[in-house]
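Here are the chains, one letter per residue:
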Amino acid sequence: MADTAYRTCPLCEATCGLALTIERGAVVEVRGDDDDPFSKGFICPKGASFGYLDADPDRLRTPRVRRDGKLLPATWPEAFAAVHAGLSAVIGARGRDAVALYLGNPNVHTIAGGLYAGALRRALGSRNVYTASTLDQMPKHVSCGYLFGHPLAVPVPDIDRTDFLLILGADPYSSNGSLWTVPDAPGRLKALQARGGRFVVVDPRRSRTARVADRYLPIRPGTDVYLLLGMVHELFARDLVRLDRLADHVTGVEVVRGLVAPFPPAVAAARTGIPEQAIRELTADLAAAPRAAVYGRIGTTTVEHGTVTSWLVDVLNTLTGNLDRPGGAMFPLPATSRRGTGTGKGFATGRWHSRVRGLPEVLGELPAVTLADEIETPGEGQVRALITVAGNPCLSVPNADRLDAAIAGLDFMVSIDPYLNETTRHADVILPPPPATRAAHYDFSFTHFSVRNMANYSPPSLPLDEGAIDECEIITRLGAIVAGLGPDADVDALLDGELRAAADKAGIDAADLDGSTHAERVLDLRLRTGPYGLSLAELRANPHGVDLGPLQPRIPEILRTPSGRIELCPDPVAAQVRRLAAAPAPVDDGRFVVVGRRHLRTNNSWMHNVPTLVKGRELCTLVVNRADAARLGLVAGGKAAVTSRVGRVEATVEITDDIAPGVVSIPHGFGHDRPGTELAVARRHAGVNANSLTDDLRIDPLSGTAVLNGVPVTVTPVPNGTAP
Ligand SMILES: Nc1nc2c(c(=O)[nH]1)N[C@H]1C(S)=C(S)[C@@H](COP(=O)(O)OP(=O)(O)OC[C@H]3O[C@@H](n4cnc5c(=O)[nH]c(N)nc54)[C@H](O)[C@@H]3O)O[C@H]1N2
Ligand SMILES: Nc1nc2c(c(=O)[nH]1)N[C@H]1C(S)=C(S)[C@@H](COP(=O)(O)OP(=O)(O)OC[C@H]3O[C@@H](n4cnc5c(=O)[nH]c(N)nc54)[C@H](O)[C@@H]3O)O[C@H]1N2
Ligand code: SF4
Ligand SMILES: [Mo]
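What this report covers is the structure whose coordinates are included nearby. (Residues numbered from 1 in each chain as written. Chains lettered and ligands numbered in written order. Predicted model: local features only at pLDDT ≥ 70, side-chain atom pairs only at ≥ 80, totals over all residues. Heavy atoms only, no water.)

### Details of the overall build of the protein chain
A tally of helices and strands in the protein chain yields 25 helices and 30 strands. On C-alpha atoms alone, the protein chain measures out to a radius of gyration of 25 Å, which is about the 27 Å that the 2.2 N^0.38 rule sets for 724 residues. For the protein chain, the spread of C-alpha atoms along the three principal axes comes to 70 × 65 × 60 Å. Each of the 724 residues in the protein chain was classed as buried or not, and the buried ones make up 61%. For the protein chain, long-range pairs separated by at least 24 residues make up 72% of all intrachain contacts whose partners lie at least 6 apart in sequence. Carbon and sulfur atoms form 53% of the exposed surface of the protein chain, whose accessible area is close to 25,800 Å². (Helix = DSSP H or I, 4+ residues; strand = E, 2+ residues; numbered from the N terminus. Rg over C-alpha atoms; globule rule 2.2 N^0.38 Å. Buried < 20%, exposed > 50% of the residue type's maximum accessible area, 1.4 Å probe, protein only. Contact = heavy atoms within 4.5 Å. Areas by Shrake-Rupley, 256 points an atom, 1.4 Å probe, with all protein chains shown as cover.)

Below is the structure:
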């Protein structure tokens, strides 16, 4: 007998509804859920492989504990006892800062990460907290924090109602959207064009999205900041600034006018390689569109001036009157959030600084690029132990080989992770969570970036395996251990106490909360006290999800700035723009620069063990412009050596006209040939690690975010495909 289970796909930010066919305790088919009011049946190859993650023979089913150098299967009590012994020793001898915590990307895709990772951070009390955010979107949090007073107040393009969309450094056809929860981005972009709208893509590669755009503008990597400064300059110069209803809610407009004065379109053209005329036209089109939005992603955040670039995106949205209006860039209102009061404390960074490089704290964390420094450098506060939760820093972080060696030398390491991979091979204990199929899901993260307000609860589709432990409990138990409560703490009692306190505060009797787990009861509480007055029961009654409608204007309510206005010209950003104005023009030293890309069938570093996703054409190639390849004597399918300040890789050459001259591209998340991993499929499609080339010294100064795009490299052919 087959059953159908409906659930939200947790594999990327699009949050599509899935319909799983379940037979004899296994997922036998995965389709898009046609009745999901948001994704309407859309599914991608990753979602379609959802069932394989459950079945994967390499997925760890029991904890591993290192004994005599080998990671051997162990019981859960043995594993937690080993964690207790290892972490207590380091904390006892060297203090809490000696333990670092690295939280990886899937934490924002699980209830466990959403509800319990924060408590783990607090219980640990270490300054050495690192997350994938400083390899990703941190510049957006910082710029929005300054502009709107809250780092999660991130406007998203209202794609379903807009007339004109400018997309910079994003390829939603491949990534399915990011900081922009937009299931079926391709379908929605086609619908935009069908109703007479247009979209423009700025990218050094003619990406899949660029190919279908109404206009594609190739740009020199890392220079979007100049393009956008030039556009803002043009808005002022042509008297195209229209604040409309925002006029009463913005400060600092005239300061911005002065700031951009040194950056006319001619300067932008010289730095970006985009013709001056195209910059003027683009600005005129943006200003003339009845409803328009500007959107920037990885190519605008993981670059040298990520925060200033991210800020400029919303400066353009504001100055064209498109911020917070239908068809413009709007603020979602999640069902588990609270409405604001219109003012607040504002946003600041730098409450502490990293020990070795003195880099400022941002949102309670330090830049991932400096984790290796903190491990390697002796002295008071040196990191000697590491906790990773859903992260693969040995592949994801710049100068990865250095970090890999540093991690290998730690005194103790524990990882919560379903795989024995490039990072967890260094752990002393691996605690494997159950696969998503067997966990409940509610999207606490991406409802903040969603192009429609939605709420959707997925109960576990299959029961836990015999002896398995839910990830919520794994994280909580780890938290209890670092809090000094030991490996056998009564975690249920701890959690119940916290829930009772939260319910009391909200004037709700905790005994009335619905749900068979702590996480369900927290969700019920947050839904009931949220802006739509929903409940868990209501979500359970609607397994395809509850549509809460199109986005609504939220200014001024969403603002948390001290002034109660949009602070368009925050001091730290302005200072950075002034430094840019004073700096000499960057010199082109003739070297190539490397950028990343994403493929529809990848998910960062961790889904290359799914056979259907890696079969066929090699995904991890070095993409080179045809003329460059001819000049260098590179041949398609041959090998090229790519060398940067920090490392060297040899990758298979792919030749194309779809990348700007002087730019090469390598996707991240590969390099699965390390010894000691248990990833049989990924190993056969190992590829090379792009982060053997990226440079840990290069960061966006305001957010501490790594520069992953625009890294200078030299490229040379490798004769006969072997190392010289
Ligand atoms: N050069 C370059 N580097 C990059 C990027 C780039 O564009 N270029 N992109 C960056 C970006 S945007 C990101 S987000 C980072 C990602 O970097 P990370 O977050 O460090 O790594 P991921 O590759 O997402 O690996 C996720 C880990 O979580 C595990 N995992 C999967 N599901 C679960 C789960 O449910 N629970 C637990 N506990 N573990 C789970 C996987 O086995 C894997 O070990 O990489 C960054 N690195
Ligand atoms: N299939 C798939 N989907 C994913 C992921 C995945 O690994 N695979 N990862 C998920 C994650 S963690 C994230 S953060 C999102 C990211 O989502 P996106 O930002 O949409 O990701 P990318 O596809 O890497 O698109 C970035 C684009 O920026 C371009 N670019 C590089 N440098 C520059 C530059 O200096 N300027 C400009 N204008 N463009 C530049 C690249 O050529 C690339 O086309 O994707 C998510 N979705
Ligand atoms: S687009 Fe993202 S959310 Fe949708 S099915 Fe694919 S991986 Fe899952
Ligand atoms: Mo990411």
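### Here we look at the side chain of S143
Mapping S143 onto the fold places it in helix α5 (residues 138–148). Residue S143 is classed as buried on the basis of its relative accessible area, which comes to 0%. A polar side-chain atom of S143 sits 3.3 Å from the main-chain carbonyl oxygen of K140. Excluding its chain neighbours within four sequence positions, the residues that come into contact with S143 are T307, S310 and W311. (Polar contact = N/O pair within 3.5 Å; in protein donor to acceptor, adjacent residues only side chain to side chain.)

### So, the site of ligand 1
If you check the shell around ligand 1, you find 28 residues, and the closest are Y102, N105, D417, E471 and S605. Within the contact set of ligand 1, an oxygen atom lies 2.7 Å away from a side-chain nitrogen or oxygen of N421. Between ligand 1 and E471, the relevant distance is 2.7 Å, taken from a nitrogen atom to a side-chain nitrogen or oxygen of the residue. Protein chains bury 95% of the 910 Å² of accessible surface belonging to ligand 1 in isolation. By residue class, the composition of the shell around ligand 1 is 13 nonpolar, 11 polar and four charged. If you count residues domain by domain, the shell around ligand 1 takes at least three from each of domain 2 (59–136 + 345–443 + 468–532) and domain 4 (588–717). (Near = heavy atom within 4 Å. Nonpolar A, V, L, I, M, F, W, Y, C, P; charged D, E, K, R; others polar. Domains from an automatic or database assignment.)

### What about unusual backbone geometry?
P556 follows I555 through a cis peptide bond whose omega is 15°. In this structure, P556 sits in the loop between β21 (546–550) and β22 (566–567). Notably, D239 is not glycine yet its phi reads approximately 60°, a positive angle. Along the chain, D239 falls in the loop between α9 (224–237) and β12 (250–251). Positive phi outside glycine occurs at D244, with the angle close to 50°. Residue position: D244 is located in the loop between α9 and β12.

### Looking at the nonpolar core
Counting 92 residues, the largest nonpolar core has W311, L319 and I566 as its most contacted members. Ranked by the residues each element gives to this core, the list is headed by α9, at nine residues. When neighbours within four sequence positions are excluded, L319 is seen to be in contact with V232, L235, F236, L240, V241, R242, L243, V253 and L568. Core analysis: the second largest hydrophobic core is formed by 56 residues, V65, V99, L495 and A519 among them. (Core = buried A, V, L, I, M, F, W, Y, C linked by side-chain atoms within 4.5 Å.)

### Remarks on helix α3 (residues 76–94)
Counted at 1.5 Å a residue, the expected span for α3 with its 19 residues is 27 Å, and the 27 Å between its end C-alpha atoms agrees. Every buried residue of α3 is listed here: W76, A79, F80, V83, G86, L87, V90 and I91. The buried residues of α3 occupy an angular sector of 135° when projected down its axis, which confines them to one face. Away from its buried face, by an angle of more than 90 degrees, α3 presents the exposed residues P77, G92 and A93. Against the buried residues of α3 lie β4 (64–67), β6 (99–103), β15 (385–389), β16 (412–416), β17 (429–431) and α18 (471–482). (Expected span 1.5 Å × (residues − 1). Arc of directions from axis to C-beta.)

### Considerations on the site of ligand 2
Around ligand 2, 30 residues are found, and the nearest of them are S175, D203, G222, D224 and H599. With respect to ligand 2, the backbone of D171 contributes an N or O atom lying 2.9 Å from an oxygen atom. One nitrogen or oxygen atom from the side chain of D203 is found 2.6 Å from an oxygen atom belonging to ligand 2. Relative to its free-state accessible area of 920 Å², ligand 2 is covered by the protein chains to the extent of 98%. At the level of secondary structure, the elements contributing two or more residues to the shell around ligand 2 comprise α6 (172–175) and α13 (298–301). Looking at the shell around ligand 2 residue by residue, the classes come out as nine nonpolar, 13 polar and eight charged. Each of domain 3 (158–336 + 556–581) and domain 4 (588–717) accounts for three or more of the residues forming the shell around ligand 2.

Interpretation note: all reported values are geometric properties and have no functional meaning in isolation.
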